[in-house]
Amino acid sequence: MNHRVLIVEDNISTLSLFNRLLKKAISNVECFCFEESEKALAWSETNEPDLVLIDYVMPDIDGLEFIERFRAIHKSYQEIPVMILTGDIDNIVSHKGLIFDINDFLIKPIDEDELFARIKKSLLFRECQIESSDHMKWLEIEIQKERIELIKSEKEMVLRLSKAAEHRDPETGQHLLRMANYSRLIARELGLSECEQVLILDAAPMHDIGKVGTPDMILLKPGRLNEEEFFIMKQHAVSGYNILSNSYSLLIQTASIVALNHHEKFDGTGYPNALKGEEIPFYARIVAVADVFDALTSERPYKKAWSLDDASQFLRNNSGSHFDPKCVEAFFKAWDDVLEIHALYQDDVIVDSI
């Protein structure tokens, strides 16, 4: 690689000598020579050297102040090797501890062999720095790729498990799409971050995964469930939690919490644990509104679809009892978007992904 060496020396003869010697001894070096520190700093604002060679005694800004200001130009400049020329190293060592910003010293008068050896060493060090930095950037890119693939795999698993429950349930894939997107709208209106909105969008379809263990005679019964049947039906919340719990994935952890708690009611009359108010996990309170609204407005073997007005009134009437009032309010703040989602994902349209 080609190296750029910044040389700052107020003696024009010495400056020319260094320039000539370096170009003679090192084939791939380009020297940038300045007699004034201020001009060298101005050059450094838009040009990054691989090595700085500066005289300690300068008429305008001395070597130590130059180094301090040079390091402050860019964060990356903290790593660039700096070599200082001096006839009095003891004075530099005792000067405000700035010795720690200096990588090497050359003691005047300068020995040519020593000069070449020190500079080659510093440039080799810089090469290693750059290679290490490039390797770290490559690793970061590869890790990000792996992370994206992992997230895709998680989402695929969520979708497949959700569809497994869907095949045993009279609900449709469009129900999963609608209620998941309703959930995201509520999260958005409640001020949750974009990451949290996406998390609840991806986790919500798993809310009824526990129904894979519910007997068909109960799950597909066209009429009202009796007390014993309803007790069995309610177990799907715990079953869903057991299927999804103890995962290292944040998405699956979130889905497990939603699965367990989306039938809890704000007044404490829900199941499986009769949680009340803010005892109910926040995401589950959001999904409860989205799920019930879509269930009401969807046709099932045991009921006709409610109108949007009737379902909306049900949410309002049960705000504070069944539902968290803040979640209901957020749902209606996004009403135009709710209508758009309701129209977009109709039950006669096949959609393959959440």
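Residues numbered from 1 in each chain as written. Predicted model: local features only at pLDDT ≥ 70, side-chain atom pairs only at ≥ 80, totals over all residues. Heavy atoms only, no water.

Side note on the overall build of the protein chain
Threshold: Each helix corresponds to a stretch of at least 4 residues labelled H or I by DSSP, and each strand to a stretch of at least 2 residues labelled E; elements are numbered beginning at the N terminus. Only protein chains enter the calculation, and the probe is 1.4 Å; a residue is then buried if its accessible area is under 20% of its type maximum, exposed if over 50%, and partly exposed in between. Here, two residues are considered to be in contact whenever any of their heavy atoms come within 4.5 Å of each other. We get accessible surface area from the Shrake-Rupley algorithm with a probe of 1.4 Å; when it comes to residues, only the shown protein chains can shield them.
Of regular secondary structure, the protein chain possesses 14 helices and 5 strands. Counting the 354 residues in the protein chain, one finds 45% classified as buried. Contacts spanning at least 24 positions in sequence make up 65% of the contacts within the protein chain whose residues lie at least 6 apart. Accessible surface computed for the protein chain: about 18700 Å², of which carbon and sulfur atoms make up 53%.

Considerations on the confidence of the model for the protein chain
We apply this condition: The pLDDT value tells you how sure the predictor is about a given residue, anywhere from 0 up to 100.
Per-residue confidence for the protein chain gives a mean pLDDT of 82, with 81% of residues at or over 70. Here helix H4 (residues 89-93) stands out as the least confident element of the protein chain, with mean pLDDT 56; helix H13 (residues 325-333) is the most confident, with 97. When the criterion is pLDDT under 50, residues 349-354 qualifies, and its contacts beyond four places in sequence or with other chains add up to 14 contacts.

Some words on the pattern of salt bridges
Test applied: Only one rule defines a salt bridge in this text: a Lys or Arg side-chain nitrogen within 4 Å of an Asp or Glu carboxyl oxygen.
Scanning the entire structure with this criterion turns up 10 salt bridges. A salt bridge links Arg-69 to Glu-38; its shortest N-O distance comes to 3.3 Å. One end of the pair, Arg-69, is in helix H3 (residues 63-71); the other, Glu-38, is in helix H2 (residues 37-44), with 31 residues separating them in the sequence. Look at Arg-69 and you get partly exposed, because its relative accessible area is 33%. By relative accessible area, Glu-38 is classed as partly exposed at 39%. Among the salt bridges present, the one from Asp-337 reaches Arg-188, with a minimum N-O distance of 2.7 Å. Placement of the pair is Asp-337 in helix H14 (residues 335-344) and Arg-188 in helix H6 (residues 173-189), with a sequence separation of 149 residues. Asp-337 gets classed as partly exposed once you look at its relative accessible area, which sits at 26%. You can call Arg-188 partly exposed: its relative accessible area is 33%.

Side note on the side chain of His-322
Tracing the backbone shows His-322 in the loop between helix H12 (308-317) and H13. Apart from residues lying up to four places away in sequence, His-322 is in contact with Glu-264, Lys-265, Phe-266 and Val-292.

Observations concerning the packing of H12 against H13
Just so we agree on the cut-off: Whenever a helix is involved, its axis is fitted only over the stretch in contact; in every case the axis is a line through C-alpha atoms, and angles between N-to-C directions fall within 0 to 180 degrees. Between 65 and 115 degrees an angle is taken as roughly perpendicular, under 35 as roughly parallel, over 145 as roughly antiparallel, and anywhere else as oblique. Note on convention: near helix rotated counterclockwise from far helix by under a right angle means a left-handed crossing. Clockwise means right-handed. Residues are grouped as follows: nonpolar covers Ala, Val, Leu, Ile, Met, Phe, Trp, Tyr, Cys and Pro; charged covers Asp, Glu, Lys and Arg; every other residue, Gly included, is treated as polar.
At their nearest, the axes of H12 and H13 sit 9 Å apart, and the two run at 150° to each other. Judged by the angle between their axes, H12 and H13 are roughly antiparallel. Crossing angle aside, the handedness with which H12 passes H13 is left-handed. Touching Ser-312, Leu-315 and Arg-316 of H12 are Val-328, Phe-331 and Phe-332, all from H13. When the residues that make up the contact of H12 with H13 are grouped by side-chain class, the tally is 4 nonpolar, 1 polar and 1 charged.

So, the nonpolar core
One broad rule of soluble globular proteins: the nonpolar side chains tend to lie buried together. Basically, it comes down to this: Buried Ala, Val, Leu, Ile, Met, Phe, Trp, Tyr and Cys residues form a nonpolar core when they are joined through side-chain atoms within 4.5 Å.
Membership of the largest hydrophobic core comes to 41 residues, with the highest contact counts inside it found for Ile-186, Ile-286, Val-289, Leu-315 and Phe-331. A per-element tally of this core places helix H11 (residues 282-296) first, with 8 residues. Val-289 has contacts with Ile-186, Leu-315, Phe-323, Cys-327, Val-328 and Phe-331, leaving out every residue within four places of it along the chain. Of all hydrophobic cores here, the second largest spans 21 residues; its members include Leu-6, Val-52, Ile-54 and Leu-64.

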